[in-house]
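Given next are the chains, with one letter for each unit.
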Amino acid sequence: QQPVQSPQAVILREGEDAVINCSSSKALYSVHWYRQKHGEAPVFLMILLKGGEQKGHEKISASFNEKKQQSSLYLTASQLSYSGTYFCGTSWRGGSEKLVFGKGTKLTVNP
Amino acid sequence: DTAVSQTPKYLVTQMGNDKSIKCEQNLGHDTMYWYKQDSKKFLKIMFSYNNKELIINETVPNRFSPKSPDKAHLNLHINSLELGDSAVYFCASSQGGGRGVYNSPLHFGNGTRLTVT
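Only a predicted model underlies this, so the values are computations on that prediction, with no experimental measurement involved. (Residues numbered from 1 in each chain as written. Chains lettered and ligands numbered in written order. Predicted model: local features only at pLDDT ≥ 70, side-chain atom pairs only at ≥ 80, totals over all residues. Heavy atoms only, no water.)

Caption draft 1: Molecular detail of the environment of Ser23(A). Residues and elements named next belong to chain A. In this structure, Ser23 sits in strand β3 (residues 18-23). A residue is classified by how much of its surface remains accessible, and Ser23, at 27% relative accessible area, is partly exposed. Taking the C-alpha atoms as reference, Ser23 lies 8.6 Å from Ser72; in sequence the two are 49 residues apart. Among residues more than four places away in sequence, those in contact with Ser23 are Pro3, Val4, Gln69 and Gln70. (Helix = DSSP H or I, 4+ residues; strand = E, 2+ residues; numbered from the N terminus. Buried < 20%, exposed > 50% of the residue type's maximum accessible area, 1.4 Å probe, protein only. Contact = heavy atoms within 4.5 Å.)

Here you go:
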């Protein structure tokens, strides 16, 4: 049950904002967010464990809407270094001990 | 100093050969994973071990055999390589036992790019 990410790709100018969504057809237990730059490994950004939880990391924050079974990643005042592919990973209540990743959202920040 | 290290970084081999990828973590984590990332960037879990015990074994051809000699090491052996096995293979680890994946971040190695010709 792969989570669905949207949009598939985003192109921004430096300083602009973006929102990446991650939704599931099953009740979520936790949502992870990772960023992967070209040719590198995915790097952990944050985990959200409770419904309604919001977390922040520099100018990147995320929310978790348990009722809607979705999470959103907010990138504000984007910087060139934010470019990369963002993945959400989800686990479900009563599911096996694995993290299933979405297909990723490619973010490009131009000067 | 590297937290999760994989070797080799690149692996180019011919169809039908057998190859291994090694992974080691020095974070003291209990759980280790193998993920496969295909050309479309889809990250798919293959195996997970907790304290040397196999806990996740996805629908992966039995040509792929993981081995965990201790909780700091997880190796992947692939027999009779096929063209479709070409991908980047990531090892990862996380803190915690069987439920660790729910509330602990995954730390990824730098990946092994496997090319089968």
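Caption draft 2: Up close: unusual backbone geometry. Cis geometry is found at the peptide bond from Ser6(A) to Pro7(A), where omega equals -10°. Along the chain, the position of Pro7(A) falls in the loop between β1 (4-6) and β2 (9-13). Pro8(B) follows Thr7(B) through a cis peptide bond whose omega is -5°. Phi angles above zero are rare outside glycine, and Lys52(B) is one such case at about 75°. The topology assignment puts Lys52(B) in the loop between β5 (43-50) and β6 (53-57). With a relative accessible area of 48%, Lys52(B) lands in the partly exposed category. Of note, Ser80(B) is a non-glycine position whose phi angle comes to about 45°, a positive value.

Caption draft 3: Layout of the interface of chain B and chain A. Contacts between the two partners involve 20 residues from chain B, matched on the other side by 22 residues from chain A. Remark: the boundary between chain B and chain A carries three residue pairs in polar contact (both at pLDDT 80 or more). At the level of secondary structure, the elements contributing two or more residues to the side of chain B that touches chain A comprise β4 (31-37), β5 and α1 (100-103) of chain B. Element by element, the count of residues in the side of chain B that touches chain A is highest for α1(B), at three residues. Across the side of chain B that touches chain A, the residue classes tally to 11 nonpolar, six polar and three charged. (Polar contact = N/O pair within 3.5 Å; in protein donor to acceptor, adjacent residues only side chain to side chain. Nonpolar A, V, L, I, M, F, W, Y, C, P; charged D, E, K, R; others polar.)

Caption draft 4: Layout of the environment of Gly16(B). Residues and elements named next belong to chain B. By the element assignment, Gly16 lies in the loop between β2 (10-13) and β3 (19-25). Taking relative accessible area as the criterion, Gly16 reaches 46% and is therefore assigned partly exposed. When the C-alpha positions of Gly16 and Asn79 are compared, they lie 7.4 Å apart, and in sequence the two are 63 residues distant. Not counting residues within four places of it along the chain, the set of residues in contact with Gly16 comprises Ser80 and Leu81.

Caption draft 5: Summary view of the state of the cysteines. Under the criterion given, the structure shown has two disulfides over all chains. The disulfide partner of Cys22(A) is Cys88(A), and the gap between their sulfur atoms is 2.0 Å. Disulfide Cys22(A)-Cys88(A): the torsion about the S-S bond is 75°, which places it as right-handed. Placement of Cys22(A) in strand β3 and of Cys88(A) in strand β9 (residues 84-92) is noted, with a sequence separation of 66 residues between them. Assigned by exposure class, Cys22(A) and Cys88(A) land together as buried. The disulfide partner of Cys23(B) is Cys91(B), and the gap between their sulfur atoms is 1.9 Å. The sign of the S-S torsion, about -75°, decides the handedness of the disulfide formed by Cys23(B) and Cys91(B): left-handed. Of this pair, Cys23(B) sits in strand β3 while Cys91(B) sits in strand β9 (residues 87-94), placing them 68 residues apart in sequence. (Disulfide = S-S within 2.5 Å.)

Caption draft 6: Seen up close, the sheet that holds strand β1 (residues 4-7) of chain B. Residue and element names in this part refer to chain B. Across the sheet, which stays open at both edges, the four strands sit in the order β1-β3-β8-β7 with antiparallel pairing between neighbours. The two strands at the open ends of the sheet, each matched to only one other strand, are β1 and β7 (64-70). For this sheet, the mean angle separating the axes of adjacent strands, direction not counted, is 15°. Alignment of β7 against strand β8 (residues 73-78), held across five bridges, turns out to be antiparallel. Bridged to Pro66 within β8 is Leu76. (Pairing = 2+ DSSP bridges. Axes fitted to C-alpha atoms, helices over the stretch in contact; angles between N-to-C directions.)

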